[in-house]
Amino acid sequence: MVPLGIFGGEKEENLSSYLVSATGKNQFLCLDAGTINAGINKAIENKTFNTDENTVLKEYIKAYFVSHGHLDHVSGLIINSPADSKKNIYAIPFVKNILLNQYFTNEVWANFSDEGAGAIGKYHINAVEPQKIFEIPETNFKAQFFELSHTKTHESSAILINHQGQYLLYLGDTGADRVEQSNKLENLWKNIAPLVRNKSLKAILIEVSFPNAQKENLLFGHLTPNLLNEELNKLAFLVGKEHLKGFNVVITHRKPTGKNPEIIADELKANNPFQVNWVFPEQGVKLSF
Ligand SMILES: [Zn+2]
Ligand SMILES: [Zn+2]
């Protein structure tokens, strides 16, 4: 995995986007696309990639997954579309509609999709219903979407990637079930519990946007360290606490205001009831699971 961007706002050069490929292959699925170009350049600078930015954009990235419609998850994809090659975008139907009706409109941007008025035909946007298992051409990945609640009015989603029986789970922005008055995370935990138990799920990427001091009525569909632990407690109940020990939990989408990223990391390290392995990604620095 190569993070192209890791924050949840403000830093336009470093917003949520994670490239994932099977080891040794340059066949990446791009999980969200807040930042693309600046992340590719950082990865080249770090010698994570030994090629030029055009090759990474046009040839290494085979497809995109867009978790939800917010700008910090799509702006890199939109801005880089003229330089990109023809490829697939995958999203739940709610998000496909946002891409077509709010971004590829010929008004805020040219219609780089292959449908509707003035279609340039670069991107084929595949709407896939939650829970349905599908294949992503050129990557050898199978995938499955799950719905997430990101405030009452905004649907977000998670993707479970399967590469020959090895799994990775990436969540877009989400609130906790109790705060959102939802059961969408509970449903997700039930679905992945067998994969945690048999150790085939290698890592989950999940957001923690705010420190614990953030008031629950001001979370806007996001998690804090305490709320993440509240959710992991439900997963622990399903899989058995011993199965979470050392489990890779990659923390995404920290809001970069002030010292928030450091505070969030400190709060997670200070309170780790299930002894999971918190991972704090860095832009352009490869992670292996
Ligand atoms: Zn976001
Ligand atoms: Zn969002």
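All values derive from a computational prediction rather than experimental measurement.

(A) Structural detail: the coordination of the zinc ion (ligand 1). The coordination sphere of the zinc ion (ligand 1) contains the protein donors Asp 72 (OD), His 73 (NE2), Asp 173 (OD) and His 253 (NE2), at a distance range of 2.1 to 2.2 Å. One can describe the site at the zinc ion (ligand 1) as irregular: its four donor atoms subtend angles covering 90 to 170 degrees at the metal.

(B) Quick peek at the sheet that holds strand 11 (residues 201–207). With mixed pairing, seven strands are arranged side by side in an open sheet as 7-8-9-10-11-12-13. Each edge of the open sheet carries a strand with a single partner, namely strand 7 (133–136) and strand 13 (277–279). If you compare each strand with its neighbour and ignore which way they point, the axes differ by 25 degrees on average. With four bridges connecting them, strand 7 and strand 8 (residues 141–149) associate as antiparallel partners. What sits directly across from Phe 134, in strand 8, is Ala 143. In this fold helix 6 (residues 184–197) packs onto strand 8, strand 9 (155–163), strand 10 (166–171) and strand 11, with an angle of close to 150 degrees to the strand it touches most, strand 8.

(C) Quick look at the coordination of the zinc ion (ligand 2). Around the zinc ion (ligand 2), the protein contributes the donor atoms His 68 (NE2), His 70 (ND1), His 150 (NE2) and Asp 173 (OD), at 2.2 to 2.4 Å from the metal centre. Around the zinc ion (ligand 2) sit four donor atoms, and with donor-metal-donor angles ranging over 87 to 171 degrees the site reads as irregular. Within one chain, the residues serving as donors to the zinc ion (ligand 2) are arranged as H-x1-H-x79-H-x22-D. Note on His 68: relative accessible area 0%, which makes it buried.

What counts, and at which threshold
Each chain carries its own residue numbering, running from 1 in the written order of its sequence. Here the convention is simple: chains get letters from A, ligands get numbers from 1, in the order in which they are written. At least 70 in pLDDT is required for a residue's local features to be given in this predicted model, at least 80 for side-chain atom pairs to be given and counted, and no such filter applies to totals for whole chains, interfaces and linings, which use all residues. Side-chain numbers come from the whole structure's heavy atoms, not from hydrogens or water. Counted as coordinating are nitrogen, oxygen and sulfur atoms within 2.8 Å of the metal, or 3.2 Å for Na, K and Ca, while water is not included, which may make sites look incomplete. Any site counts as irregular unless it has four donors with all angles between 85 and 135 degrees, making it tetrahedral, or four or six donors with opposite ones more than 155 degrees apart and the rest between 65 and 115, making it square planar or octahedral. Strand pairing is defined by DSSP finding a minimum of two bridges between the two strands. By definition, any uninterrupted DSSP run of H or I lasting at least four residues is a helix, any uninterrupted run of E lasting at least two residues is a strand, and each is numbered from the N terminus. Here, axes are lines fitted to C-alpha atoms. For helices the fit covers the stretch in contact, and angles between N-to-C directions go from 0 to 180 degrees. In this analysis, two residues are considered to be in contact whenever any of their non-hydrogen atoms come within 4.5 Å of each other. Classification of residues uses two cut-offs on accessible area relative to the type maximum, computed with a 1.4 Å probe and protein chains only: under 20% is buried, over 50% is exposed, and between them is partly exposed.

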